[in-house]
Amino acid sequence: MGEFDNKEREEVFSKKVRAGKRTYFFDVKATRSGDYYLTLTESKKRLEDGVFVKHKIFLYKEDFEKFAEGLNETVDYIKNHQEVVEKRYEYSENHEGASKGQNDDFSF
């Protein structure tokens, strides 16, 4: 069994979110025994060489509740202590986001 076996796991569901210069991938995969887990991937293209840099987190179902609690508490802290200007972006080939609307709601 090689260290990259997880790349070959069955993909059950996938959601891609483009947000400005970054793209986030939320992928549900199944282990050999049929248990689901989540991979969160951030992808960003480096301007200097055009290479996509990816960061990945594996999140297992037994950790979902604690992870969500921590994420929600952290997001709430930022929203309560600093103005958050949230924009909706359109993807463009020149990699510049264009805001679609001024009052878009991005609540968690």
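Each residue is numbered by its place in its chain's sequence as written, counting from 1. The predicted origin of the model limits local features to residues at a pLDDT of at least 70 and limits the giving and counting of side-chain atom pairs to 80 or more, whereas totals for whole chains, interfaces and linings rest on all residues. Based on all heavy atoms of the structure, the side-chain values leave hydrogens and waters out of the count.

Caption draft 1: Region of the structure containing the confidence of the model for the protein chain. Per-residue confidence from the predictor is reported as pLDDT, which spans 0 to 100. Per-residue confidence for the protein chain gives a mean pLDDT of 81; residues scoring 70 or more make up 73%. Note on definitions: a residue-residue contact is assigned when non-hydrogen atoms from the two residues lie within 4.5 Å. Ignoring residues within four places in sequence, the model shows residues 95–108, a span with pLDDT below 50, making 22 contacts including any to other chains.

Caption draft 2: Spotlight on the packing of aromatic side chains. Aromatic rings from Phe, Tyr and Trp, with only the six-membered ring used for Trp, were paired whenever their centres fell within 6.5 Å, and each pair was classed as stacked if the ring planes differed by under 30 degrees, edge-to-face if by over 60, and tilted otherwise. With the rule as written, the count across this model stands at two aromatic pairs. One aromatic cluster is present, formed by Tyr 37, Phe 58 and Tyr 60 through successive ring pairs.

Caption draft 3: Quick look at the pairing of strand β4 (residues 52–60). Where strand β3 (residues 36–45) lies against β4, nine bridges are found, and the strand directions are antiparallel. When the sheet's bridge partners are listed, Glu 42 is paired in β4 with His 55. Following β3, the chain reverses through six residues before pairing antiparallel with β4; Gly 50 in that reversal takes a positive phi of roughly 75°. Pairing between strands is defined by DSSP: at least two bridges between them are needed. Secondary structure counts use DSSP, requiring at least four H or I residues in a row for a helix and at least two E residues in a row for a strand, with both numbered from the N terminus.

Caption draft 4: Expanded view of the sheet that holds strand β2 (residues 22–30). Taking strand neighbours across the sheet as the criterion, the four strands line up as β1-β2-β3-β4 in an open arrangement whose pairing is antiparallel. Strands at the two margins of the open sheet, each flanked by one partner only, are β1 (10–19) and β4. Direction aside, neighbouring strands of the sheet carry axes that sit 15° apart on average. Where β2 meets β3, nine bridges bridge the pair, whose relative direction is antiparallel. Residue pairing in the sheet places Ala 30 in a bridge with Tyr 36 of β3. Every axis corresponds to a line fitted to the C-alpha atoms, with the helix fit spanning only the stretch in contact, and the corresponding angles, defined between N-to-C directions, vary from 0 to 180 degrees.

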